[in-house]
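Topology and contacts: notes
Each chain, written out:
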Amino acid sequence: MAAQAPAQAAKVLNPALNPRTVHFWAPVLKWGLVIAGASDFYRPVESLSITQNVALFCTGTIWTRWCLIIQPKNIPLAAVNFFLAGVGSVQLGRIGLHYQNLKKQEKEHPVMSEISKKATST
């Protein structure tokens, strides 16, 4: 029992998730990506990048799963990746709805869509 005390004390003083490990800093720094993606909620849909948001969604989805498989499980990193996937999926949904509405407008008002195309090309 006395021999286990130093090992237990070391485990308490040096947990797997502390500021001296990547398990702490990876989620802290990755919140910057989530905040940057969420700040794009206020940008016009036309200026959003499909490839960037696909990358955010895929990265968030893949790494959320991976964070729950590795040992030690990194729940804070899984949480930030979950939100990263959420931001990417919301933006992809906005982009998809925008293109769907453009196609709908082209069918309903073909003349107006031609005029707007000519106005944006000049």
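Rules of the game
Residues numbered from 1 in each chain as written. Predicted model: local features only at pLDDT ≥ 70, side-chain atom pairs only at ≥ 80, totals over all residues. Heavy atoms only, no water. UniProt positions renumbered as here; feature names shortened; annotations may be inferred. Helix = DSSP H or I, 4+ residues; strand = E, 2+ residues; numbered from the N terminus. Buried < 20%, exposed > 50% of the residue type's maximum accessible area, 1.4 Å probe, protein only. Contact = heavy atoms within 4.5 Å. Areas by Shrake-Rupley, 256 points an atom, 1.4 Å probe, with all protein chains shown as cover. Core = buried A, V, L, I, M, F, W, Y, C linked by side-chain atoms within 4.5 Å. Axes fitted to C-alpha atoms, helices over the stretch in contact; angles between N-to-C directions. Parallel < 35°, antiparallel > 145°, perpendicular 65-115°, else oblique. Left-handed = near helix turned anticlockwise from the far one by under 90°. Nonpolar A, V, L, I, M, F, W, Y, C, P; charged D, E, K, R; others polar. Lys, Arg positive; Asp, Glu negative; His and termini not counted. Salt bridge = Lys/Arg side-chain N within 4 Å of Asp/Glu carboxyl O.

For the protein chain, the name recorded in an unreviewed UniProt entry is Mitochondrial pyruvate carrier, with Tuber borchii as its organism. Under Sequence similarities (unreviewed entry), UniProt gives the following word-for-word description of the protein chain: "Belongs to the mitochondrial pyruvate carrier (MPC) (TC 2.A.105) family."

So, about the overall build of the protein chain. Counting secondary structure elements, the protein chain contains five helices and zero strands. A burial count over the protein chain gives 21% of its 122 residues as buried. Long-range contacts, defined as pairs at least 24 residues apart, comprise 71% of the intrachain contacts of the protein chain with a sequence gap of at least 6. Roughly 8,800 Å² of accessible area belongs to the protein chain as shown, and the carbon and sulfur atoms make up 70% of that amount.

Bringing the nonpolar core into the picture now. Grouped together as the largest cluster of nonpolar side chains are eight residues: Val-34, Leu-56, Cys-67, Leu-77, Ala-78, Val-80, Leu-84 and Val-87. Mapped by element, the contributors of at least two residues to this core are α3 (50–69) and α4 (75–108). Counting residues per element, this core draws most heavily on α4, at five residues. With residues near it in sequence (within four places) discarded, Ala-78 still touches Thr-64, Cys-67 and Leu-68.

A few words now on the packing of α3 against α4. Packed helix pairs are specified by the crossing angle of their axes together with the interaxial distance, meaning the distance between the axes. α4 packs onto α3 with a crossing angle of 150 degrees between their chain directions and a minimal axis gap of 7 Å. The orientation of α3 relative to α4 falls into the category roughly antiparallel. Considering only the axes of α3 and α4, their crossing is left-handed. Among the residues making up the contact of α3 with α4, the classes are represented as 16 nonpolar, nine polar and no charged.

Moving on, we come to the side chain of Lys-30. Tracing the sequence through the fold places Lys-30 in helix α2 (residues 22–39). For the buried Lys-30, which has no salt bridge, the nearest side chain bearing the opposite charge is Asp-40, at an N-O separation of 16 Å. When residues no more than four places from it in sequence are discounted, the contact partners of Lys-30 are Thr-59, Trp-63, Leu-77, Val-80, Asn-81 and Leu-84.

Running from N to C, α2 and α4 point in directions that differ by 15 degrees, and their axes come no closer than 9 Å. Relative to α4, the element α2 is oriented roughly parallel. Handedness of the α2/α4 crossing: left-handed. Counted together, Ala-26, Pro-27, Lys-30, Trp-31, Leu-33, Val-34, Gly-37 and Ala-38 of α2 and Pro-76, Leu-77, Val-80, Asn-81, Phe-83, Leu-84, Val-87 and Gln-91 of α4 form the full contact between these two elements.

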